[in-house]
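As a plain string of letters, each chain reads:
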Amino acid sequence: MFAPLLPIIALVYTFINTSNGIMVLVLACVFNIILSVSLKKTYEQDLKTIFYTANILSQSKKLTEIEGTPDLNVNFNHFKSARYLSGLLVKIEGGDFASAFILLIKTVFMLDYTIFHIIQNSYYKYLEEVLNCYDYIGQLDNHYAISLYQETLDEYCEPEIIQSQDTQHYLCDFEDLTHPLITDAVPNDLSINQNILLTGSNASGKSTFMKAVALNLILAQSIETATASQFKYLPGLVFTSMANADDVLSGDSYFMAELKSIRRLFNISTDKQIYCFIDEIFKGTNTTERIAASESVLTYLNNIPNYYVLAATHDIELSSLLSPSFINYHFNESIKNDSIDFDFKIKPGKANTRNAIELLRLTQFPNDIYKRAKQQVEDQ
């Protein structure tokens, strides 16, 4: 840090002894040029951090001056060197005489090295205030992003947290709940106070409803936003077994993927509420074993404290086997002539309609296939 003063001292010395002073001045300049070039390697990689932090400090100061922004416990006078000097560290790119002269002056007087360490020292000295500025920018940026997201929603609310003493009434209660990624979605109301077995026809809305509840539980706990007119919940962890697929690379079949997905729901080490969402449980195996395995798994999960389960299935038989541990809800549809209509509304009780055979007809399968399949269902 003393080296930048050498050219100045040599220049003063030329007034005392001109011939020797000029020689000392040249030597001092050459020495500083060599030293400046060699030392630049030690801090060049950190220049971007210096610039970035200087910008954070500058923007934090400007934001605090805007009416309505939160207060920030930072004395910006501690960082005057960063605000005023960081611009001098900019790399000289031009090839003209003026640029070359400026670069020579900066190198001879080791300005980059000196300014870098002055700024760096202020950062280290007031490190806590620097980190406060980073947190401040991050917090405002986060809230701004959430606000912009809320602007895109047709309807949303700020969720209410259910106190633990009120969980005997319900764990989650919502009105006009929709899936956050679907426009013009059909809203649903429900008070969840017991495990639910969800039944219904294909494409009736079971999976979408389950995902809507799971996503809103996550949104509520992360950005305090729910796509509903009212959303009350007990905070907890969300685990799902949905959209499983076979894996050619690992050699896992569809059923093996299901097993691994559901297996991880057991023995979760936490005292928090656990929300489990299982879509079309064990559909990768035959009917007899699927029903037996599903009943066993869901009963086991029902007996684990602090677990809530919302499971969907096509096996109506489970509705009776799991009663009264699981309450039944369903989605259904109406078929008229050559069209099928879904209302996507959740209803109490087990499903009372099936549409797989009719979909064969509506999707223009050969009529013999449709008639034979329908006859086999009627004969059972």
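Nothing here was measured: the structure is a model prediction, and the numbers come from that model.

1. Digging into the overall build of the protein chain
- The helix and strand tally for the protein chain stands at 13 helices and twelve strands.
- Relative to its length of 380 residues, the protein chain is extended, with a C-alpha radius of gyration of 35 Å against a globular reference of 21 Å.
- Based on the C-alpha atoms only, the size of the protein chain along its principal axes is roughly 120 × 50 × 40 Å.
- A burial count over the protein chain gives 37% of its 380 residues as buried.
- Charge separation in the protein chain, taken as the distance between the mean sites of 28 positive and 43 negative side-chain charges, equals 5 Å.

2. Some thoughts on the nonpolar core
- Judged by nonpolar contacts, the single largest core of 30 residues is most densely connected at Phe 174, Leu 198, Phe 209, Phe 231 and Phe 277.
- Breaking this core down by element, the ones donating at least two residues are strand S2 (172–177), strand S3 (188–192), strand S4 (195–200), helix H8 (206–222), strand S5 (230–233), strand S7 (273–278), strand S8 (307–313) and strand S9 (326–331).
- Per element, the largest residue contribution to this core is seven residues, and it comes from H8.
- Excluding residues that lie within four positions of it along the chain, Phe 277 makes contacts with Met 210, Val 213, Ala 214, Leu 217, Val 238, Phe 239, Thr 240, Ser 241, Met 242 and Leu 310.
- Among the nonpolar cores identified, the runner-up in size contains 22 residues, and Leu 72, Val 74, Leu 89 and Tyr 123 belong to it.

3. Describing the UniProt feature "domain: DNA mismatch repair proteins mutS family" (unreviewed entry) in the protein chain
- Look at the UniProt record and you will see "domain: DNA mismatch repair proteins mutS family" (unreviewed entry) annotated at residues 193–378.
- The span residues 193–378 shows a helical share of 36% and a strand share of 24%, and its end C-alpha atoms are spaced 37 Å apart.

4. Here's the deal with the sheet that holds S9
- Read from one edge of the open sheet, six strands run S6-S7-S8-S4-S9-S12, paired in mixed fashion. Pairing within the sheet leaves two strands with one partner each, and these edge strands are strand S6 (236–241) and strand S12 (347–348).
- Pairing of S7 with S8, which is carried by five bridges, proceeds in the parallel orientation. Paired with Ile 274 across the two strands is Tyr 307, which belongs to S8.
- Helix H10 (residues 287–302) rests against S4, S7, S8 and S9 of the sheet, and its axis sits at about 160° to S8.

5. Observations regarding the sheet that holds strand S1 (residues 160–161)
- Strand order in the open sheet formed by four strands is S1-S5-S2-S3, and the pairing between neighbours is mixed. Each end of this open sheet is capped by a strand with a single partner; those strands are S1 and S3.
- Both S1 and S5 contribute to a ladder of two bridges, which runs parallel. Bridged to Ile 161 within S5 is Tyr 233.

6. Looking at unusual backbone geometry
- A cis amide bond links Ser 323 with the next residue in sequence, Pro 324, at an omega value of 5°.
- Along the chain, the position of Pro 324 falls in the loop between helix H11 (317–321) and S9.
- The phi dihedral of Asn 306 falls on the positive side, at around 70°, and the residue is not glycine.
- Within the secondary structure layout, Asn 306 lies in the loop between H10 and S8.
- Exposure remark for Asn 306: the relative accessible area of 41% places this residue in the partly exposed category.
- Not every positive phi belongs to a glycine, and Phe 344 is a case in point at roughly 55°.
- Here Phe 344 lies in the loop between strand S11 (339–342) and S12.
- Of the residues examined, Phe 344 reaches a relative accessible area of 34% and is grouped as partly exposed.

7. A look at the pattern of salt bridges
- All chains considered together, the criterion is met by four salt bridges.
- Residue Lys 283 is joined to Glu 280 by a salt bridge in which the shortest nitrogen-to-oxygen separation is 3.3 Å.
- When its relative accessible area of 17% is taken as the criterion, Glu 280 is described as buried.

8. Description of the environment of Phe 231
- As for its position among the elements, Phe 231 is in strand S5.
- For Phe 231, a relative accessible area of 1% puts it in the buried group.
- In this structure, Phe 231 is in contact with Cys 157, Pro 159, Glu 160, Cys 172, Asp 173, Phe 174, Leu 177, Asn 216, Leu 217, Ala 220 and Ala 226, ignoring residues within four places of it in sequence.

9. A look at the environment of Leu 181
- Its location among the elements puts Leu 181 in the loop between S2 and S3.
- The exposure class of Leu 181 is exposed, given its relative accessible area of 71%.
- Sequence separation between Leu 181 and Thr 288 is 107 residues, and the spatial gap between their C-alpha atoms is 36 Å.

10. Points about the UniProt feature "transmembrane region" (unreviewed entry) in the protein chain
- Here, the residues flagged by UniProt with the feature "transmembrane region" (unreviewed entry) are residues 6–35.
- Its end C-alpha atoms 12 Å apart, residues 6–35 is made of 90% helix and 0% strand.

11. Structural notes on the layout of surface pockets
- Counted as a void, the largest pocket has a volume near 520 Å³.
- Every residue lining the largest pocket is counted, 22 residues in all, and those nearest its centre are His 314, Arg 354, Asn 355, Ala 356 and Ile 357.
- For the lining of the largest pocket, the secondary-structure elements that each account for two or more residues are S4, H10, helix H12 (356–362) and helix H13 (367–379).
- Each residue belonging to the lining of the largest pocket can be placed in one class, and the counts come to five nonpolar, ten polar and seven charged.

12. Looking at the packing of aromatic side chains
- One pass over the structure, following the stated rule, counts eleven aromatic pairs.
- With 6.1 Å between their ring centres and 15° between their planes, Phe 174 and Phe 231 make a pair best called stacked. Of the two residues, Phe 174 is situated in strand S2 and Phe 231 in strand S5; the sequence distance between them amounts to 57 residues. Per residue, the accessibility class of Phe 174 equals that of Phe 231, and both read buried.
- On the basis of an interplanar angle of 25° and a centroid distance of 5.7 Å, the ring pair of Phe 342 and Phe 344 is categorised as stacked.
- On the basis of relative accessible area, Phe 342 is assigned to the buried category, the value being 17%.
- The rings of Phe 174, Phe 209, Phe 231, Tyr 233 and Phe 331 are connected pair by pair, giving a single aromatic cluster.

Cut-offs and rules
Residues numbered from 1 in each chain as written. Predicted model: local features only at pLDDT ≥ 70, side-chain atom pairs only at ≥ 80, totals over all residues. Heavy atoms only, no water. Helix = DSSP H or I, 4+ residues; strand = E, 2+ residues; numbered from the N terminus. Rg over C-alpha atoms; globule rule 2.2 N^0.38 Å. Buried < 20%, exposed > 50% of the residue type's maximum accessible area, 1.4 Å probe, protein only. Lys, Arg positive; Asp, Glu negative; His and termini not counted. Charge placed at Lys NZ, Arg CZ, Asp CG, Glu CD. Core = buried A, V, L, I, M, F, W, Y, C linked by side-chain atoms within 4.5 Å. Contact = heavy atoms within 4.5 Å. UniProt positions renumbered as here; feature names shortened; annotations may be inferred. Pairing = 2+ DSSP bridges. Axes fitted to C-alpha atoms, helices over the stretch in contact; angles between N-to-C directions. Salt bridge = Lys/Arg side-chain N within 4 Å of Asp/Glu carboxyl O. 1 Å grid on protein atoms, 1.4 Å probe; cavity = no way out; pocket = protein on both sides within 12 Å on 5 of 7 lines; lining within 4 Å. Points joined across faces, edges and corners; volume = space filled by probe spheres on them. Nonpolar A, V, L, I, M, F, W, Y, C, P; charged D, E, K, R; others polar. Phe/Tyr/Trp six-rings, centres within 6.5 Å; stacked < 30°, edge-to-face > 60°.

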